[in-house]
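Residues per chain, in single letters:
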Amino acid sequence: MLDSCKIIDLPKVKDPRGNLTFVESIRHVPFAIQRVYYLSDVPEGAERGGHAHKELHQLIIAISGSFDIHLDDGHSKKTVHMDCSHSGLYVCPMIWRVIDSFSSGAVCMVLASDYYDELDYYREYDQFISDAQRAAK
Ligand code: TYD
């Protein structure tokens, strides 16, 4: 499962006036984009995430600055350092994620496959682990 969570390089139109990056639904991400949200003004030492999604697919982009994403599928874990505005980390469903080590002024933008739905969240790690390990059997 964790192997599906990969960095996706996005198109970058280089220009002396500044670079331009774009993301097209389905073409550049393996899902249809239904929602965009972003984290900003994250105070030093703060931690975001701390949940998993049942069905949601996401692409997480460090639009500005940097942060670390810790991924856990119930069997293995990995950490990805994000510091590039023209690539994103694809996160499939059933991945527990914690985002921390935000640099000053960092902006974390997330493209998501569906509208916000609290029922799609695992907020309790033990419940997530139990379901993830049962699904893998
Ligand atoms: P949450 O997803 O827990 O944030 P994070 O993973 O970054 O720590 O969401 C925090 C709050 O914001 C929660 O009360 C739900 C609300 N929220 C929305 O209303 N719409 C959204 O699209 C998102 C992502 C969150």
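The rules behind each value
Residues numbered from 1 in each chain as written. Predicted model: local features only at pLDDT ≥ 70, side-chain atom pairs only at ≥ 80, totals over all residues. Heavy atoms only, no water. Pairing = 2+ DSSP bridges. Helix = DSSP H or I, 4+ residues; strand = E, 2+ residues; numbered from the N terminus. Near = heavy atom within 4 Å. Polar contact = N/O pair within 3.5 Å; in protein donor to acceptor, adjacent residues only side chain to side chain. Areas by Shrake-Rupley, 256 points an atom, 1.4 Å probe, with all protein chains shown as cover. Nonpolar A, V, L, I, M, F, W, Y, C, P; charged D, E, K, R; others polar. Phe/Tyr/Trp six-rings, centres within 6.5 Å; stacked < 30°, edge-to-face > 60°. Buried < 20%, exposed > 50% of the residue type's maximum accessible area, 1.4 Å probe, protein only. Lys NZ or Arg CZ within 6 Å of the ring centre and 35° of its normal.

K.L.:
Please provide a residue-by-residue account of the sheet that holds strand 8 (residues 77-82), values included.
P.N.:
Strand order across the open sheet formed by five strands is 8-7-10-5-12, with antiparallel pairing between neighbours. The sheet is open, and its two borders are formed by strand 8 and strand 12 (121-122), each paired with just one other strand. Pairing geometry for strand 5 (residues 48-53) and strand 10 (residues 96-100), over three bridges, is antiparallel. Paired with H51 across the two strands is R97, which belongs to strand 10.

K.L.:
Could you give an account of the site of the ligand, naming the residues involved and the relevant values?
P.N.:
Close to the ligand lie R35, Y37, L39, R48, G49, H51, Y116, Y121 and R123. Side-chain polar atom of R35 to an oxygen atom of the ligand: 2.5 Å apart, as the coordinates give it. Side-chain polar atom of R48 to an oxygen atom of the ligand: 3.0 Å apart, as the coordinates give it. Starting from 530 Å² of accessible surface for the ligand in isolation, the protein chains cover 62%. Mapped by element, the contributors of at least two residues to the shell around the ligand are strand 4 (35-39) and strand 5. When the residues that make up the shell around the ligand are grouped by side-chain class, the tally is four nonpolar, two polar and three charged.

K.L.:
Talk me through the packing of aromatic side chains; I want residue IDs and the actual numbers.
P.N.:
Summed over all chains, the structure comprises seven aromatic pairs. A ring pair is formed by Y122 and F128, whose centres lie 5.8 Å apart and whose planes are at 70°; its orientation type is edge-to-face. Each of the two residues, Y122 as well as F128, counts as buried. Here the aromatic cluster, defined as three or more aromatic residues joined through ring pairs, consists of W96, Y122, Y125 and F128. The ring of Y122 carries the charged tip of K54 above its face, separated from the ring centre by 5.3 Å.

K.L.:
Talk me through the environment of S104; I want residue IDs and the actual numbers.
P.N.:
Turning to its location among the elements, S104 is positioned in the loop between strand 10 and strand 11 (107-112). On the basis of relative accessible area, S104 is assigned to the exposed category, the value being 76%.

K.L.:
Got a sec to walk through unusual backbone geometry? Specific residues and values, please.
P.N.:
Residue I26 is not a glycine yet carries a positive backbone phi of 70°. Tracing the chain through its elements places I26 in the loop between strand 3 (20-21) and strand 4. Despite not being glycine, S101 has its phi angle at roughly 55°, a positive value. Counting through the fold element by element, S101 comes out in the loop between strand 10 and strand 11. Residue classification places S101 among the partly exposed positions, given a relative accessible area of 46%.

That is the geometry; function is a separate question.
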